[in-house]
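Residue-level structure breakdown
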Amino acid sequence: MTESISDTNIAFIISQPRSGSSLLQQLFSNHSRVHTVPEPWLMLHLVEGLRDSTDVDAGFNSEYAKTAVNNFLSSMPSGKKAYQQAIRKAALCVYKKALENRDEDIFLDKTPRYYHIIPELIEVFPNARFLILVRNPIAVFASILDTNMNGSWELLFERRDRRHDIFTGPRCIAKAIDEYNSAVTITHYEKIVNSPVSEMERICKELSLEFEENMTTYGNVPSSSETTFVDPKSVRSHDKPVTDYLNSWKSTLDTPEKIHIGRRYIESLGHNLVNKLGYDYDSLILELKGMQSKDESILMSWDLLAKSTEELSTWERVRRKALLSTHSRGRGLVGSLRALAKSIVEYR
């Protein structure tokens, strides 16, 4: 690594979680110029102050903090620009340290949740390499449900961070595809596993990197694969990209409730967004409808499920808590009424 470092020494992989980012990172880790470690999450903290809105759960009022920072920066000439430059210098200092005493000259930061801060990252690092990875949204939904929530859709919708992963993530990525198309390289999980050589050749060309033949295998798994930030399916079970998981979402959606919720999820994303991501909305909906049983009875309202807790009225919170409790325990109508009565008492 040279003594100096700049944007051109930094690359980012941005995606929703469960999109194949560990697989893609593993392919790049075989490149002679690239050094990478699992999910640094470094930039999320650094650029939070630059965001127009804040979603920080902290021991202080983050909205007030945001206002105070903006007021401070606006009180001086080019305050925001100075702040951006300071963030850039701090981050480059850390990234340079990661490359210290290594032969590689590019650090690859693979942190899926950077979907929250794509505009800010591009502002701070205008000359960095940005790679956005997209996967079929119903496959992402099912993989999060299966791998992270152990099949519990009740728990999935109760987790604030996971709600961002399935709702905010695809919207931020679609917006980036629209607004920053010339600054980012777009790839799809399906293309990587179906045609790894040709797709990696294309990606490398767009990122101004020489393609290296050993990139499409990852037999020598680095020790970092033992951390919790690496998908074990992609780096421990195989030594190259495989198509085994392209349609695994169908087996994950193994109950009428899960199929119904999966379909309503795709409907909530909408025709334009799903198509913008590179998938056929109508075909997905048709396939999900074909999986549904005709006599199913869905107890949980999608409107109750999809809203965040903050968006719910007190009565809606009572209803959702009761219905989630009923589903999680597999109780019938009597159980539902009992759970609802209990929730009402708790909220009184």
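Rules behind the numbers
- Residues numbered from 1 in each chain as written.
- Predicted model: local features only at pLDDT ≥ 70, side-chain atom pairs only at ≥ 80, totals over all residues.
- Heavy atoms only, no water.
- Buried < 20%, exposed > 50% of the residue type's maximum accessible area, 1.4 Å probe, protein only.
- Helix = DSSP H or I, 4+ residues; strand = E, 2+ residues; numbered from the N terminus.
- Pairing = 2+ DSSP bridges.
- Axes fitted to C-alpha atoms, helices over the stretch in contact; angles between N-to-C directions.
- Parallel < 35°, antiparallel > 145°, perpendicular 65-115°, else oblique.
- Left-handed = near helix turned anticlockwise from the far one by under 90°.
- Contact = heavy atoms within 4.5 Å.
- Nonpolar A, V, L, I, M, F, W, Y, C, P; charged D, E, K, R; others polar.
- Salt bridge = Lys/Arg side-chain N within 4 Å of Asp/Glu carboxyl O.
- Expected span 1.5 Å × (residues − 1).
- Polar contact = N/O pair within 3.5 Å; in protein donor to acceptor, adjacent residues only side chain to side chain.
- Core = buried A, V, L, I, M, F, W, Y, C linked by side-chain atoms within 4.5 Å.
- Phe/Tyr/Trp six-rings, centres within 6.5 Å; stacked < 30°, edge-to-face > 60°.
- Lys NZ or Arg CZ within 6 Å of the ring centre and 35° of its normal.
- pLDDT = per-residue confidence, 0-100.
- Bend = angle between axes of the 7 residues up to and from the residue.
- 1 Å grid on protein atoms, 1.4 Å probe; cavity = no way out; pocket = protein on both sides within 12 Å on 5 of 7 lines; lining within 4 Å.
- Points joined across faces, edges and corners; volume = space filled by probe spheres on them.

**Observations regarding the pairing of strand E2 (residues 34-38)**
Of all five residues in E2, four are buried; the element is thus mostly enclosed. Judged from the five bridges that link them, E2 and strand E3 (residues 106-110) form a sheet pairing that is parallel. Bridge pairing links Thr 36 to Leu 108 in E3.

**Focus on the packing of helix H6 (residues 137-148) against helix H13 (residues 256-269)**
Between H6 and H13, whose axes approach to 10 Å, the crossing angle comes to 135 degrees. Our classification of the angle between H6 and H13 gives oblique. For the pair H6 and H13, the crossing hand works out as right-handed. Contacts between H6 and H13 involve Pro 137, Ile 138, Phe 141 and Leu 145 on the former and, on the latter, Lys 258, Ile 261, Gly 262, Tyr 265, Ile 266 and Leu 269. Of the residues belonging to the contact of H6 with H13, the class tally is eight nonpolar, one polar and one charged.

**Concerning the sheet that holds strand E5 (residues 185-188)**
Across the sheet, which stays open at both edges, the five strands sit in the order E2-E3-E1-E4-E5 with parallel pairing between neighbours. With one partner strand each, in any of the chains shown, E2 and E5 form the two edges of the open sheet. Neighbour-to-neighbour, the strand axes of the sheet open up by a mean angle of 20 degrees, direction not taken into account. Against the sheet, helix H10 (residues 196-206) touches strand E4 (129-134) and E5, its axis set at about 165 degrees to E5.

**Observations concerning the pattern of salt bridges**
Applying the stated criterion to the full structure yields 17 salt bridges. Note that Asp 165 and Arg 113 form a salt bridge whose closest N and O atoms lie 2.9 Å from each other. A residue pair is termed long-range when its members are at least 10 positions apart, and Asp 165 in helix H8 (residues 160-179) and Arg 113 in the loop between E3 and helix H5 (118-124) qualify at 52 residues. What makes Arg 113 buried here is its relative accessible area of 13%. Linking Lys 276 and Asp 178 is a salt bridge whose minimum nitrogen-to-oxygen distance equals 2.8 Å. Taken together, the residues span a long stretch of sequence, with Lys 276 in helix H14 (residues 271-277) and Asp 178 in helix H8 at a distance of 98 residues. Taken together, the shared-partner salt bridges in this structure form one network comprising Arg 113, Arg 162 and Asp 165.

**Notes on unusual backbone geometry**
For Arg 18, which is not glycine, the phi torsion reads 65 degrees and is therefore positive. If you trace the backbone, Arg 18 turns up in the loop between strand E1 (10-14) and helix H1 (21-29). We note that Asn 101 has phi near 60 degrees; this positive angle belongs to a residue other than glycine. Take Asn 101: its relative accessible area is 78%, and that puts it in the exposed class.

**Comments concerning H6**
When the terminal C-alpha atoms of H6 are compared, their 16 Å separation across 12 residues agrees well with the 16 Å that a helix rising 1.5 Å per residue should span. Burial within H6 is extensive, with nine of its 12 residues counted as buried. When we look at burial in H6, the residues that qualify are Pro 137, Ile 138, Ala 139, Val 140, Phe 141, Ala 142, Ser 143, Ile 144 and Leu 145. Buried residues along H6 sit in contact with helix H7 (153-158), H8, helix H12 (249-252), H13, H14 and helix H15 (281-291). Among the residues of H6, the N-terminal cap falls to Asn 136, whose side-chain oxygen and the backbone nitrogen of Ile 138 are separated by 3.2 Å. Directly after H6, the chain includes Asn 150, whose backbone phi takes a positive value near 55 degrees.

**What about the nonpolar core?**
Soluble globular proteins tend to bury their nonpolar side chains together. By size, the foremost hydrophobic cluster in this structure holds 63 residues, and its most contacted members are Phe 12, Met 43, Tyr 95, Phe 125, Phe 141 and Ile 266. Considering each element in turn, this core owes the most residues, seven residues, to H6. Aside from chain neighbours lying at most four places away, what touches Met 43 is Phe 12, Ile 87, Ala 91, Tyr 95, Tyr 114, Ile 117, Leu 121 and Phe 125.

**Some words on the packing of aromatic side chains**
Scanning the entire structure with this criterion turns up 12 aromatic pairs. Counting every residue linked through ring pairs, the aromatic cluster contains Phe 12, Tyr 95, Phe 107, Tyr 114, Phe 125 and Phe 130. If you follow Arg 135 out to its NZ or CZ, it ends over the ring of Tyr 189, 4.3 Å from the centre.

**So, the confidence of the model for the protein chain**
Where the model shows low pLDDT, its predicted coordinates should not be examined in detail. On average, residues of the protein chain score 87 in pLDDT, and 84% of them reach the 70 mark or higher. For residues 331-340, every residue scores under 50 in pLDDT, and the model assigns this stretch 14 contacts once sequence neighbours within four places are set aside.

**Some remarks on H8**
Each α-helix winds once per 3.6 residues, and so residues spaced three or four apart point in a common direction. In this model H8 runs 27 Å from its N-terminal to its C-terminal C-alpha over 20 residues, within 8% of the 28 Å that 1.5 Å per residue would give. At Thr 168, H8 shows its largest bend, some 40 degrees, and a proline, Pro 170, comes one to four positions later. All of the buried residues along H8 are Arg 162, Arg 163, Asp 165, Ile 166, Phe 167, Gly 169, Pro 170, Ile 173, Ala 174, Ala 176 and Ile 177.

**Topic: empty space enclosed by the protein**
Overall, the coordinates contain three cavities of 30 Å³ or more when judged by the stated rule. Lining the second largest cavity, in full, are Ala 11, Phe 12, Ile 13, Phe 28, Val 34, Ile 106, Leu 108, Arg 129, Leu 131, Leu 207 and Leu 209. For the lining of the second largest cavity, the elements supplying multiple residues, two or more each, are E1, E3 and E4. Per-element tally for the lining of the second largest cavity: the top contributor is E1, with three residues. A class-by-class count of the residues in the lining of the second largest cavity yields 10 nonpolar, no polar and one charged.

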